[in-house]
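Descriptive structure summary
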Amino acid sequence: MQHPFRTPLALGALSLCLLLPLTAGGSAARRHAPAAETSASRHAAPALPADIAQRPIAGNVTIARPDFGREMPAEVNKKLINEVTFRLAPAYDLPLLPDEAAPESVTILGPAEATQEQMAAFIRRRNPQPKLACTVEEIVHYYYAEAGREGIRPDVALCQALKETGFFAYGGDVLPAQNNFCGLGTTGGGVRGAKFATPELGVRAHIQHLLAYASSEPPVAPIIDPRYDLIVREHPDIHGRITRWTGLNGVWAVPGKTYGQDILRLWAAAKAPDGSDASLAAAEAKVRQAPDDASAYLYRGIVYEKRGDLARAAQDFAAAASLAPHDLAARYDLALTAAKLGETKDALTLYDELLDEHPDFAPAAYNRGLLQLADGRYSEAIDDFRRALNANPQSAAAQNAIAVSELRLKDYPAAWAALERAAQINNADFDVLANQILFAACLKAPQENAKSKAKAKRRRQ
């Protein structure tokens, strides 16, 4: 009987796995490109028995997954397995942002947190050709001027307009020419709603309508919102009583159960630091305005990290950690940067301190395990991966890393069983499948296995 994983086609699958990039695996945030998965499916499937079930991997892509079994079916060809590089999901490498306020606590009244430049860049990223009767910079300026005068958060109000208009792409009942950015007067079924002569007046009406909900004080500017008086006169239960964005749920939009949260998600995305000049300018302003606030340095450090300036990022993360010694994000981001700079000893120390205080923080445990593994401390690495797995039992990446560590320790039966457990966690994790195929291809053929057993038996006699 021919060994099922030593056929020419199976060895072809082995060759394919060896050619796959080692950094392609990971958690949901770092999944393989669908093209890579499709390629693997296309080439590996013919090597597998016909009765193997087709199991989904992502979307409409399927792969043929063999049943490798819980126990290793043959001895390992040690020479062959020593030539194989097994796959690992890469380290978590996205820095943590400063803690965001709970959505239920964010008030409609208040100052902007995102700059005008950030908001303009955010709009252009999502819609390079907005249907506006003015420039992107002008519409942003109108929101900051009108909302600022009335005490409403201009950046969040603008995000409400982005939600209502689909980033000024429209497509619903309201037409772009109406300059109606918040659905004023629309009730569905083709009802167009209010129309304003200019974008500036449309913004003013939007802000005044928000003010009718959030404050009992009248607007500073003359009222042009056609429904302002209706709110004041007929809805005393609403007028001045909706002070938080989540309070708009089911009131501004019906049913709108997550209306406010949706707006705040856009706001979080708009002000999130990236590597742009606009983000750097915003970050510099945060540090100038609050030089003793750890979150300001954390924000600027993330901008530097995204711009590839790791040295400056490390300085800011260290400043944040000094100002807030128990802040998880500051120490985690500093550890990430130390590892990227090749300062492994410092990174390990930082992870040690962080995990002493936050023992269930799985990303830090996984990352420390990878550093231990790379340094040849395989048992310590297994301990870290188990800690990550205990914190997140659905982490196929951590279970797969345990298997790779067992392989480095040459405990092949334990490694085989660990990979089987990883496949049970996620049978569509390609790192796990690739490692199982690689491992199976390194087993001795039945005749070789029989000879090895006979030889071992003679030695015992």
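Everything discussed here concerns the structure shown above.
Worth saying up front: this structure is predicted, and the values here are computed from it rather than measured.

Cut-offs applied
- Residues numbered from 1 in each chain as written.
- Predicted model: local features only at pLDDT ≥ 70, side-chain atom pairs only at ≥ 80, totals over all residues.
- Heavy atoms only, no water.
- Helix = DSSP H or I, 4+ residues; strand = E, 2+ residues; numbered from the N terminus.
- Buried < 20%, exposed > 50% of the residue type's maximum accessible area, 1.4 Å probe, protein only.
- Contact = heavy atoms within 4.5 Å.
- Axes fitted to C-alpha atoms, helices over the stretch in contact; angles between N-to-C directions.
- Parallel < 35°, antiparallel > 145°, perpendicular 65-115°, else oblique.
- Left-handed = near helix turned anticlockwise from the far one by under 90°.
- Phe/Tyr/Trp six-rings, centres within 6.5 Å; stacked < 30°, edge-to-face > 60°.
- Lys NZ or Arg CZ within 6 Å of the ring centre and 35° of its normal.
- Nonpolar A, V, L, I, M, F, W, Y, C, P; charged D, E, K, R; others polar.
- Salt bridge = Lys/Arg side-chain N within 4 Å of Asp/Glu carboxyl O.
- Polar contact = N/O pair within 3.5 Å; in protein donor to acceptor, adjacent residues only side chain to side chain.

1. Section: the overall build of the chain
A tally of helices and strands in the chain yields 20 helices and two strands. Taken over 461 residues, the chain has a buried fraction of 50%. Pairs at least 24 residues apart make up 62% of the contacts formed inside the chain by residues separated by at least 6 positions.

2. Some thoughts on the packing of helix 11 (residues 294–306) against helix 13 (residues 328–340)
Where helix 11 meets helix 13, the closest approach of the two axes is 11 Å, and the angle between their N-to-C directions is 25 degrees. Of the possible angle classes, the one that applies to helix 11 and helix 13 is roughly parallel. The handedness of the crossing between helix 11 and helix 13 is left-handed. Listed contacts from helix 13 to Leu 298, Ile 302 and Glu 305 of helix 11 are Ala 329, Ala 330, Asp 333 and Lys 340.

3. A few points about the packing of aromatic side chains
Within this structure, the stated rule accounts for 10 aromatic pairs. Both rings, one in Tyr 332 and one in Phe 361, keep their centres 5.1 Å apart while their planes meet at 85 degrees; by these two values the pair is edge-to-face. A residue pair is termed long-range when its members are at least 10 positions apart, and Tyr 332 in helix 13 and Phe 361 in the loop between helix 14 (344–357) and helix 15 (362–374) qualify at 29 residues. When sorted by exposure, Tyr 332 lands in the same class as Phe 361, which is buried. Summarising the aromatic geometry, the rings of Tyr 412 and Phe 439 are spaced 6.4 Å apart at their centres and angled 65 degrees between planes, so their arrangement reads as edge-to-face. Here the residue Tyr 412 occupies a position in helix 18 (residues 412–425), and Phe 439 occupies one in helix 19 (residues 430–441), the gap between them amounting to 27 residues. Given a relative accessible area of 8%, Tyr 412 falls into the buried group. Residue Phe 439 is classed as buried on the basis of its relative accessible area, which comes to 0%. Site record: aromatic cluster; members linked through ring pairs are Phe 68, Phe 86, Tyr 412, Trp 416 and Phe 439. Taking the ring centre of Trp 267 as reference, the NZ or CZ of Lys 271 above it sits at 3.4 Å.

4. Regarding the packing of helix 4 (residues 116–126) against helix 5 (residues 136–150)
Relative orientation of the contacting elements helix 4 and helix 5 amounts to 130 degrees, with a least axis distance of 9 Å. What the angle tells us is that helix 4 and helix 5 run oblique. Crossing geometry of helix 4 relative to helix 5 is assigned as right-handed. Seen from helix 4, the contacting residues are Gln 116, Met 119, Ala 120, Ile 123 and Arg 124; seen from helix 5, they are Val 136, Glu 137, Val 140, His 141 and Tyr 144. When its residues are assigned to classes, the contact of helix 4 with helix 5 shows six nonpolar, two polar and two charged.

5. Some details on the pattern of salt bridges
Taken as a whole, this structure holds 22 salt bridges when the rule is applied. Among the salt bridges present, the one from Glu 75 reaches Lys 444, with a minimum N-O distance of 3.6 Å. Linking Glu 75 in the loop between strand 2 (61–64) and helix 3 (78–81) with Lys 444 in the loop between helix 19 and helix 20 (446–460), this pair joins segments that are 369 residues apart in sequence. Among the residues examined, Glu 75 registers a relative accessible area of 31% and is labelled partly exposed. When the shortest N-O distance is used, the salt bridge between Arg 204 and Glu 146 registers 3.0 Å. One end of the pair, Arg 204, is in helix 7 (residues 199–214); the other, Glu 146, is in helix 5, and 58 residues separate them in sequence.

6. Focus on the environment of Arg 331
One can find Arg 331 in helix 13. With a relative accessible area of 8%, Arg 331 lands in the buried category. A C-alpha to C-alpha distance of 6.7 Å links Arg 331 and Leu 350, two positions 19 residues apart in sequence. One polar contact links the side chain of Arg 331 to the main-chain carbonyl oxygen of Pro 325, over a distance of 3.3 Å.

This is a description of form; function is not addressed.
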